[in-house]
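Results of the structural survey
One-letter residues, chain by chain:
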Amino acid sequence: MQEKVIFITGATGGIGKAAAFALARQGHRVIIHGRDKGRTQRVQQEIMEATRNKHVDYIVGDLFLLAEARRVAHALIDRYERLDVLINNAGGIMSNICALTAEGHETTIALNLLTPFVLMQELLPLLRKSEDGRIVNVSSSSHRINAKPDFSDLELVNGYNPLRAYGNSKLFIMFVTEMLSEDLRGKGIENVTVNTMHPGAVATGFGVQSDLGPVLNALSKVARLFFRTPEKGAETLVYLAADAVVKGVRGKYFIDLKPAVVSRKYDSIENRKKVWDYCARVMASVEAVR
Ligand SMILES: NC(=O)c1ccc[n+]([C@@H]2O[C@H](COP(=O)([O-])OP(=O)(O)OC[C@H]3O[C@@H](n4cnc5c(N)ncnc54)[C@H](OP(=O)(O)O)[C@@H]3O)[C@@H](O)[C@H]2O)c1
């Protein structure tokens, strides 16, 4: 097996950490990302000791911020000659009260859509240097259940609620994944593929800090008892990142190692383009913090 260079965001806990362990165990060169330096370094040590893989690197950055996503991407470009896999895993559901990032974006969409978009765009040249470049975006079945987008108000200035914002962000990441996949194919770029996946309902830190209101808080506490482990939740991510079987597979949504059906309820060329253009416009307005 050829060693891959794999960058995974949000690898300090939950599904990302489990995926980083599994990929390091397979012998790949894994770069973990976290937003807290101490926590990220501790996870790096843990992975290196448990897997006996010395090639575990780390990068710190707050992925609420597009400028930080740009800085993280440039740090990778400075350090590595090629990137084989980008895993956009960092993400989450926020609280009942709508919060904005320091750059003025609604936090759910910033973390789950805008910064993954920046990482994809900025890291594409590095991925193109790979013979088998892959991008895997972690989405969710919430795109089917909770999404209710308003395409003239993507950040929900009106009508915010955390589940809706989360479902929308996971729908939008699917739109941009499919669009990027088609764009790459249209340009004849065959050596970089993009896919999305849903990890299942997984017992992680997901939603634990989010105040969804008393009813949903209590329900999610009970439901977590029946959720799958982070290791199980990471299986499809690891498969899409590193398995030879899915080399060349592109533009698909996976659940439990199989292609799954994407909800087409809000899908149209026009709506996709609105999401893509919005991401591109926001990205263009932000300079990298160096
Ligand atoms: N768990 C589920 O049932 C489930 C279901 C469907 C989809 N997903 C998706 O799976 C992905 C991983 O979630 P998880 O369940 O593993 O949740 P988690 O345990 O909360 O892990 C989320 C990761 O994202 C990082 N993160 C959060 N905010 C960040 C920020 N502003 N900047 C940088 N990193 C940040 C966290 O880092 P810190 O350690 O710094 O907080 C953590 O490493 C997410 O995209 C989520 O939407 C989860």
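For the structure itself, look to the data block above.
In what follows, the accompanying structure is described. Only a predicted model underlies this, so the values are computations on that prediction, with no experimental measurement involved. (Residues numbered from 1 in each chain as written. Predicted model: local features only at pLDDT ≥ 70, side-chain atom pairs only at ≥ 80, totals over all residues. Heavy atoms only, no water.)

What to know about the environment of Arg82
Take Arg82: it is sitting in the loop between helix 3 (66-79) and strand 4 (85-88). We classify Arg82 as partly exposed; its relative accessible area is 25%. Remark: the alpha-carbon pair of Arg82 and Pro116, spanning 34 residues in sequence, is separated by 19 Å. Sequence-distant contacts of Arg82, that is, excluding residues within four places in its chain, are made with Gln2, Glu3, Lys4, Val5, Leu126, Lys129 and Ser130. Within the local environment of Arg82, its side chain forms a polar contact with the backbone oxygen of Glu3, the two atoms lying 3.2 Å apart. Looking at Arg82, its side chain comes within polar contact range of the side chain of Asp84, at 2.8 Å. (Helix = DSSP H or I, 4+ residues; strand = E, 2+ residues; numbered from the N terminus. Buried < 20%, exposed > 50% of the residue type's maximum accessible area, 1.4 Å probe, protein only. Contact = heavy atoms within 4.5 Å. Polar contact = N/O pair within 3.5 Å; in protein donor to acceptor, adjacent residues only side chain to side chain.)

Brief notes about the site of the ligand
For the ligand, the set of nearby residues contains 30 residues, the closest of which are Arg35, Arg39, Asn89, Tyr166 and Thr204. One nitrogen or oxygen atom from the side chain of Asp62 is found 3.1 Å from a nitrogen atom belonging to the ligand. When the ligand sits alone it has 890 Å² of accessible area, and the protein chains cover 90% of it. Breaking the shell around the ligand down by element, the ones donating at least two residues are helix 1 (14-25) and helix 6 (162-186). Split into classes, the residues belonging to the shell around the ligand amount to 12 nonpolar, 14 polar and 4 charged. (Near = heavy atom within 4 Å. Areas by Shrake-Rupley, 256 points an atom, 1.4 Å probe, with all protein chains shown as cover. Nonpolar A, V, L, I, M, F, W, Y, C, P; charged D, E, K, R; others polar.)

Brief notes about the state of the cysteines
Here the structure, examined in full by the defined rule, presents 0 disulfides. Cys98 forms no disulfide, and the closest cysteine sulfur to it belongs to Cys279, at a distance of 17 Å. We classify Cys98 as partly exposed; its relative accessible area is 35%. (Disulfide = S-S within 2.5 Å.)

Focus: the packing of helix 1 against helix 2 (residues 37-51)
Taken N-terminus to C-terminus, the directions of helix 1 and helix 2 make an angle of 35°; their axes are 9 Å apart at the nearest point. Remark: the crossing between helix 1 and helix 2 carries right-handed chirality. Where helix 1 approaches helix 2, its residues Lys17, Ala20, Phe21, Ala24 and Arg25 are matched on the opposing element by Val43, Glu46, Ile47, Ala50 and Thr51. Looking at the contact of helix 1 with helix 2, its residues break down into 6 nonpolar, 1 polar and 3 charged. (Axes fitted to C-alpha atoms, helices over the stretch in contact; angles between N-to-C directions. Left-handed = near helix turned anticlockwise from the far one by under 90°.)

Some thoughts on the side chain of Ser130
Structurally, the position occupied by Ser130 is in the loop between helix 4 (107-127) and strand 5 (133-138). Assessed through its relative accessible area of 3%, Ser130 is described here as buried. Engagement of the side chain of Ser130 in a polar contact is seen with the backbone nitrogen of Asp132, the distance being 2.9 Å. If we skip the residues at most four places from it in the chain, Ser130 touches Arg82, Leu83, Asp84 and Asn191.

As for unusual backbone geometry
Phi is positive for Leu156, which is not a glycine, with a value near 55°. Examined against the element boundaries, Leu156 turns out to sit in the loop between helix 5 (142-145) and helix 6. Residue classification places Leu156 among the buried residues on the basis of a relative accessible area of 1%. Phi at Asp256 takes a positive value of approximately 45°, unusual for a residue other than glycine.

Concerning the environment of Arg25
Within the element layout of this structure, Arg25 appears in helix 1. With a relative accessible area of 53%, Arg25 lands in the exposed category. As for Arg25 and Ile47, which are separated by 22 residues in sequence, their C-alpha atoms are 8.5 Å apart. If we skip the residues at most four places from it in the chain, Arg25 touches Ala50 and Thr51.

Overview of the sheet that holds strand 1 (residues 5-8)
Reading across the sheet, the 8 strands line up as 3-2-1-4-5-6-7-8 and stay open at both edges, with mixed pairing between neighbours. Strand pairing shows two members of the sheet lacking a second neighbour, strand 3 (56-60) and strand 8 (258-259), which therefore form its edges. This element, helix 3, spans strand 1, strand 2 (29-34) and strand 3 of the sheet and lies at about 145° to strand 3. (Pairing = 2+ DSSP bridges.)

Looking at the packing of aromatic side chains
When we look at a pair of aromatic rings, we describe it by the centre distance and by the angle of the planes. By the definition in use, this model includes 6 aromatic pairs. Ring centres of Phe117 and Trp276 lie 5.1 Å apart, and the angle between their planes is 80°; on these two criteria the pair is classed as edge-to-face. Placement of Phe117 in helix 4 and of Trp276 in helix 9 (residues 269-284) is noted, with a sequence separation of 159 residues between them. Each residue in the set Phe151, Phe172 and Phe175 is aromatic and connected to the rest through ring pairs, giving one cluster. (Phe/Tyr/Trp six-rings, centres within 6.5 Å; stacked < 30°, edge-to-face > 60°.)

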